[in-house]
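Close look at the chain arrangement
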Amino acid sequence: MVERQVDTQPKSQQPNRGGKARRVIAVHSAKGGVGKSTLCVNLAVTLARRGLRVGLLDADLHGPSATIMLGNAEWPDPGPDENTILPLRAHGIQFLSMGNLVTGKTPVIWRGAMVHQMLSQFYRNVIWDDLDYLFLDMPPGTGDALLTTAQVEPPTGVLVVTTPQELSLVDTLRGMRAFRDMNVPILGFVENMSYLICGSCSHRDDLFGEGSTEALAEELDYPLLGSVPIEPEICASSDRGTPFVIGHPDSESSAVLGRIAERLIELVDERAADSALSLEWREMDWLERSPEPPEDAPKSELPLQLMWQVSNDELGLMWSDGERRIIGVRNLRLACPCARCVDEVTGKKLLDPLTVPDDITLTKVEVVGRYGIAPHFSDGHHTGIFTFPYLREI
Ligand SMILES: Nc1ncnc2c1ncn2[C@@H]1O[C@H](COP(=O)(O)OP(=O)(O)OP(=O)(O)O)[C@@H](O)[C@H]1O
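Presented here is an overview of the structure given in this document. Here the structure is a predicted model, which means the values were calculated and not measured. (Residues numbered from 1 in each chain as written. Predicted model: local features only at pLDDT ≥ 70, side-chain atom pairs only at ≥ 80, totals over all residues. Heavy atoms only, no water.)

On to the layout of surface pockets. Here the largest pocket is characterised by a volume of approximately 460 Å³. As for the largest pocket, its lining consists of 25 residues, and the residues nearest its centre are G33, G35, T38, M69 and M193. Mapped by element, the contributors of at least two residues to the lining of the largest pocket are α1 (36-49), α2 (66-69) and α7 (232-240). Among the elements that take part in the lining of the largest pocket, α7 stands out by supplying 5 residues, more than any other. The residue makeup of the lining of the largest pocket, split by class, is 11 nonpolar, 9 polar and 5 charged. (1 Å grid on protein atoms, 1.4 Å probe; cavity = no way out; pocket = protein on both sides within 12 Å on 5 of 7 lines; lining within 4 Å. Points joined across faces, edges and corners; volume = space filled by probe spheres on them. Helix = DSSP H or I, 4+ residues; strand = E, 2+ residues; numbered from the N terminus. Nonpolar A, V, L, I, M, F, W, Y, C, P; charged D, E, K, R; others polar.)

To continue, consider the site of the ligand. Near the ligand you find 17 residues, and of these G33, K36, S37, T38 and P229 are the closest. At 2.8 Å, a backbone N or O of G33 approaches an oxygen atom of the ligand. At a separation of 2.9 Å, a nitrogen atom of the ligand approaches a polar backbone atom of P229. Against a free-state accessible area of 630 Å², the protein chains account for coverage of 79% of the ligand. Counting atoms within 2 Å of the grid points, the majority share of the ligand lands in the largest pocket. Elements with a minimum of two residues in the shell around the ligand: α1 and α7. For the shell around the ligand, the leading source of residues is α1, giving 3 residues. When the residues that make up the shell around the ligand are grouped by side-chain class, the tally is 8 nonpolar, 6 polar and 3 charged. (Near = heavy atom within 4 Å. Polar contact = N/O pair within 3.5 Å; in protein donor to acceptor, adjacent residues only side chain to side chain. Areas by Shrake-Rupley, 256 points an atom, 1.4 Å probe, with all protein chains shown as cover. Sits in = over half its atoms within 2 Å of the grid points.)

Here the focus is the sheet that holds strand β11 (residues 279-280). The strands that make up a sheet pair up through hydrogen bonds in the backbone, lying either parallel or antiparallel. With antiparallel pairing, 4 strands are arranged side by side in an open sheet as β11-β15-β16-β17. Only two strands of the sheet have a single partner each, and these edge strands are β11 and β17 (386-387). Pairing of strand β16 (residues 372-377) with β17, which is carried by 2 bridges, proceeds in the antiparallel orientation. Each bridged residue has a counterpart across the sheet, and for I373 the counterpart in β17 is F386. (Pairing = 2+ DSSP bridges.)

Moving on, we get to the sheet that holds strand β13 (residues 314-319). As summarised here, the arrangement of the 3 strands in space is β12-β13-β14, forming an open sheet in which the pairing is antiparallel. At either end of the open sheet lies a strand with only one pairing partner, and these are β12 (304-311) and β14 (324-328). On average, each strand axis in the sheet is tilted by 25° relative to the strand beside it, whichever way the strands run. Looking at chain direction, β12 and β13 are connected through 6 bridges and run antiparallel. Across the sheet, the residue bridging to S311 is E314, located in β13. (Axes fitted to C-alpha atoms, helices over the stretch in contact; angles between N-to-C directions.)

See the structure below:
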């Protein structure tokens, strides 16, 4: 067994979202114009209407559309710390889009390095107000934005949007392969612009043929969450800045979107449950100590296989390669990588060690997505997300 005490210096800057999202859902298609943004907005608003705290980050820097679809073109306010920014609010969700940061209708030309830098800042510096779900409206293609997302804000899973045309399916496969190569799980498909319902006789017209996405989903063994019809009012609502599900809550298409939203959170919660390592801290006798992990503790499929409470002020970690570490809680607190504790630009430590009590403990440790943990410390601090690579590094 390898047992090490952790030192206190974070060695790299780590992502921070202020308040964190428990589940991050990327909505993607390699092909443009298939309705990613439309679905993202309507699914996010549908979940918010059911009482969930939902955020939407428009990761499409070249063609941001959330600003128009949500009808809020305000400039965002700065956040509490330098370089941070507060999300805007519209129709019950929090959101931010490049469309709120650039003026005029001219598209901005972003080179690869700029996309990485800008998107990383979006992911790190938006101070969300304690989200349950964060939707990422991904740009089309398989370029820099995907890689940056997988590195900086790894999604719990990806919802793949397609249309029934064959061309779209070929692109779909390309996009899925890119996410798979980056170890981001695919949640399933939604087929958009699937069919047309005649306004007068309610006849269903499968304009592009029937069942192609269903067949693909079956072949690849991913669920098809639903098929959304071509609905002129979906388009008109987006242009007006009022999401379709708000303007037409009782329509059949809103019901379809509602069922997709339900299935989506089931799937994403299942994914997150795979990583159900979260630990409630209990009060132990100060002499009590369990240096070995409990035999009956559930193990995850993640790089961090299990966490356990060693003592009142020590956390045990076991990695999938068998390495174990015991980290002092105070050392963990001092290594917090959040924007309040580390200057994100210079990497300089902002946390004064003298302000951290010697007898600090934890109240709980949550797993975030499939990539990190968020410890809740007894001094009330809980905004740091320790990614697995960072945890191993400190
Ligand atoms: N089910 C639908 N019925 C009718 N119109 C739709 C539907 N879904 C999307 N649209 C319309 O299709 C157009 C493209 O949709 P959207 O912008 O959501 O696609 P996208 O995949 O996000 O595009 P991009 O690749 O440019 O980001 C928009 O005008 C939108 O209103």
